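Residues per chain are reported as follows:
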Amino acid sequence: MRPTALVPASYGLWSVIATAAACGVALFGLRDLVAAARVQRLSPGGAGDLMAALALRQTVLVTGATGFIGRRIVEALGAGGHRAIVSARDPRKAATLAPPFWLLTSLDQIPSDTRIDAIVNLAGEPIGNALWTQAKRRRILRSRLRMTRAVVRLIGRLEHKPVLINGSAIGWYGLWGDETLTEFDGGKACFTHRVCEAWERAAVRAERCGARVVRLRIGLVLGIEGGVLGRLLTPFEFGLGGRIGDGRQWMSWIERDDLVRLIAHAIATPSLTGPVNATAPHPVTNAAFTQELARALRRPAVLPMPAALLHGVAGDFADDLLLGGQRVLPDKALLSGFAFRHSTLRHALSAILGGNGRHPAHRTRRRRYFGGGRGTSVPNMALLAARHRLSDKRFLR
Ligand SMILES: NC(=O)c1ccc[n+]([C@@H]2O[C@H](COP(=O)([O-])OP(=O)(O)OC[C@H]3O[C@@H](n4cnc5c(N)ncnc54)[C@H](OP(=O)(O)O)[C@@H]3O)[C@@H](O)[C@H]2O)c1
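Since this is a predicted model, take the numbers as computed values, not measurements.

**Quick word on the overall build of the protein chain**
The number of helices and strands found in the protein chain is 14 helices and 13 strands. Sorting the 397 residues of the protein chain into buried and exposed places 40% on the buried side. Intrachain contacts of the protein chain at a sequence separation of at least 6 include 76% that bridge at least 24 residues.

**What about the nonpolar core?**
In terms of nonpolar packing, the biggest core is built from 90 residues, with V86, L164, I165 and I263 touching the most fellow members. Top contributing element to this core by residue count: helix α7 (residues 256–268), with seven residues. Excluding its chain neighbours within four sequence positions, the residues that come into contact with L164 are I119, N121, V151, I155, A203, A206, A211 and V213. Membership of the second largest hydrophobic core comes to five residues, among which are I244, F317, A318 and L323.

**A closer look at helix α4 (residues 134–157)**
Taking 1.5 Å as the rise per residue, α4 with 24 residues should run 34 Å; its terminal C-alpha atoms sit 35 Å apart, in good agreement. Among the residues of α4, I140, R144, M147, T148, V151, V152, L154 and I155 are the ones counted as buried. In this structure, the buried side of α4 is in contact with β1 (59–63), β4 (118–121), β5 (163–169) and α5 (191–204).

**Some words on helix α6 (residues 227–237)**
All buried positions along α6 are accounted for by G227, L229, L233, F236 and E237. Burial along α6 is one-sided: seen end-on, the buried residues are contained in an arc of 90°. Phi for G239, located one or two positions after α6, is positive at around 75°.

**Notes on the environment of N129**
Following the sequence through the fold, N129 ends up in the loop between β4 and α4. The exposure class of N129 is exposed, given the 9 C-beta atoms found within 10 Å. Sequence-wise, N129 and V228 are 99 residues apart; in three dimensions their C-alpha atoms are separated by 9.9 Å.

**Points about the sheet that holds strand β2 (residues 83–87)**
Spatial ordering of the open sheet is given by β3-β2-β1-β4-β5-β7-β11, a layout of seven strands whose pairing is parallel. In this open sheet, the two edge strands, each paired with only one partner strand, are β3 (102–104) and β11 (274–278). Across the sheet, the mean angle from the axis of one strand to that of its neighbour is 20°, orientation sign disregarded. As judged from the five bridges shared by β1 and β2, these two strands associate in the parallel manner. Opposite L61, over in β2, you have I85 as the bridge partner. Of the strands in this sheet, β4, β5 and β7 (213–218) touch α5, which is tilted by about 170° from β5.

**Structural notes on the site of the ligand**
Every one of the 27 residues lining the ligand counts as a neighbour, but G64, T66, G67, A88 and S143 are closest to it. Looking at the shell around the ligand element by element, the count peaks at three residues for α4. Across the shell around the ligand, the residue classes tally to 13 nonpolar, nine polar and five charged.

**A short note on the pairing of β1**
Taking burial as the measure, the five residues of β1 include four buried ones, the bulk of the element. As a crossover connection, the stretch from β1 through helix α2 (residues 70–79) into β2 is right-handed. Sheet topology places β1 next to β4; four bridges connect them, and they run parallel. Bridge pairing in β4 places T63 opposite N121.

**Thoughts on unusual backbone geometry**
The step from P99 to P100 runs through a cis peptide bond, and the omega angle for that step is 5°. Along the chain, P100 turns up in the loop between α3 (91–94) and β3. Of note, the phi angle at R57 is positive, near 40°, even though the residue is not glycine. Relative to the helices and strands, R57 is located in the loop between α1 (13–41) and β1. Residue R57 is classed as exposed on the basis of its C-beta count, with 10 C-beta atoms lying within 10 Å. A positive phi angle, close to 55°, is found at R298, a residue other than glycine. The residue R298 is located in the loop between α8 (286–297) and α9 (307–314) in this model.

**With respect to the packing of α4 against α5**
Between α4 and α5, whose axes approach to 9 Å, the crossing angle comes to 10°. Classed by the angle they form, the pair α4 and α5 counts as roughly parallel. Remark: the crossing between α4 and α5 carries right-handed chirality. Contact residues: R137, I140, L141, R144, L145, T148, R149 and V152 in α4; F191, V195, A198, W199, A202 and A203 in α5. Here the residues of the contact of α4 with α5 are counted per class, giving ten nonpolar, one polar and three charged.

**Focus on the packing of α6 against α8**
Interaxial distance between α6 and α8 falls to 11 Å at its minimum, and their mutual angle equals 60°. Classified by the angle between their axes, α6 and α8 sit oblique to one another. Crossing geometry of α6 relative to α8 is assigned as right-handed. Contacts between α6 and α8 involve L232, F236 and E237 from the former and L293, A294 and L297 from the latter. Split into classes, the residues belonging to the contact of α6 with α8 amount to five nonpolar, no polar and one charged.

**Quick word on the pairing of β4**
Across the two faces of β4 the burial is the same, with A118 and V120 and I119 and N121 all buried. With four bridges connecting them, β4 and β5 associate as parallel partners. Opposite I119, over in β5, you have L164 as the bridge partner. In terms of handedness, the path from β4 via α4 over to β5 forms a crossover that is right-handed.

Definitions and limits used
Residues numbered from 1 in each chain as written. Predicted model: local features only at pLDDT ≥ 70, side-chain atom pairs only at ≥ 80, totals over all residues. Helix = DSSP H or I, 4+ residues; strand = E, 2+ residues; numbered from the N terminus. Buried ≥ 20, exposed ≤ 12 C-beta atoms within 10 Å, placed from the backbone. Contact = placed C-beta atoms within 7 Å. Core = buried A, V, L, I, M, F, W, Y, C linked by C-beta atoms within 7 Å. Expected span 1.5 Å × (residues − 1). Arc of directions from axis to C-beta. Pairing = 2+ DSSP bridges. Axes fitted to C-alpha atoms, helices over the stretch in contact; angles between N-to-C directions. Near = placed C-beta within 6 Å. Nonpolar A, V, L, I, M, F, W, Y, C, P; charged D, E, K, R; others polar. Right-handed = clockwise from strand over helix to strand, strands pointing away. Parallel < 35°, antiparallel > 145°, perpendicular 65-115°, else oblique. Left-handed = near helix turned anticlockwise from the far one by under 90°.

Following this line, the structure appears as structure tokens:
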């Protein structure tokens with residue numbers, strides 16, 4: 001074999017640094033390549049029909065509108081011919097939202113005679129993006145209470161009372177292992193329970209002003225632009241995914257467009273009030289989620305994240321959000337006639353990751369859902385409503 005003109009030479013530490021830098025550049029290049037391919041393949045699709053449940057030309061105020069969920073709501077409102085009022089802290093960030101919308105930086109800018117049909121209150125310091133230091137915990141709680149109190153003050157002075165769809169999360173229930181949870185169940189103490197409980201209590205005050213209040217206990221929202229899936233995509237696409245801990249913890253999820261449709265349904269359904277679980281009818285364990293995501297991406301997912309390591313590094317952040325979970329069922333949404341388009345994870349992932357993002361509506365049969373595994377028949381709506389009023393009293397008053 002002829003010798004090559006390239007002669008390896010070592011410059012000690014400099015060679016190590018240069019090699020590490022070259023590997024880093026190659027890795028980041030690969031990551032960007034994957035992301036670029038993803039942009040082509042993964043488009044969230046049109047938002048025109050997501051607000052179909054709403055009557056013609058509604059006015060909806062959205063807080064947290066620049067976030068992962070809020071920006072899709074604003075897009076859906078605009079596409080559906082409705083009027084969006086956006087409350088955002090940073091007008092430059094709000095400029096990236098799909099127009100048209102009326103931008104505010106304070107709710108005090110709204111005249112009392114403005115007709116607002118609904119308020120969707122989602123603003124709050126992100127919960128899952130950093131460790132829960134004492135300062136972070138305070139920001140998580142205070143940001144939500146401050147905005148919700150401002151919303152309740154606004155409702156108090158508005159001449160026409162809007163319905164309030166207030167954010168909350170399935171973290172309200174705390175950790176219950178394998179037990180199934182519906183809106184009739186109580187919560188167990190933990191940080192997420194304390195935050196959601198305080199957030200819901202603040203929102204319920206709007207009822208005293210005559211507003212209908214829906215407390216949306218949101219599950220893990222699935223979409224490519226954020227949330228849990230946004231975080232998992234890159235490692236899974238590199239074949240570095242795996243279950244978390246023993247993988248037996250439950251993940252109650254909802255596809256983002258289904259959540260937007262559920263919010264529209266909640267606005268349009270006067271009988272819907274109190275807590276409403278915003279989760280698909282078929283929650284999965286983390287092991288099943290890992291398997292389904294790996295399958296959808298056609299990648300192996302064999303690198304588990306050790307529970308002891310996560311607990312050691314992240315404490316109760318890891319215990320509540322990563323190693324623990326809730327098996328939540330959307331009883332009230334289904335009973336009130338809401339039809340999920342994506343009721344199984346496989347169906348949702350294939351819509352989100354499969355490229356075309358459009359699947360025929362998948363109506364969940366209420367009878368099948370309540371029969372079989374859970375051994376219950378279709379519940380009586382009036383009885384359920386009465387039980388909900390009771391549970392509201394028990395937990396919130
Ligand atoms: N995504 C999920 O899987 C999920 C699950 C359960 C519950 N939730 C809840 O649903 C809500 C919306 O979720 P998301 O994923 O859309 O959240 P997100 O992307 O983090 O957006 C939240 C929005 O809240 C505002 N915000 C952020 N930090 C704030 C602070 N310190 N003070 C006041 N406002 C602040 C921001 O809007 P501006 O900068 O425009 O003001 C931000 O765009 C959140 O409250 C979240 O806890 C989400």
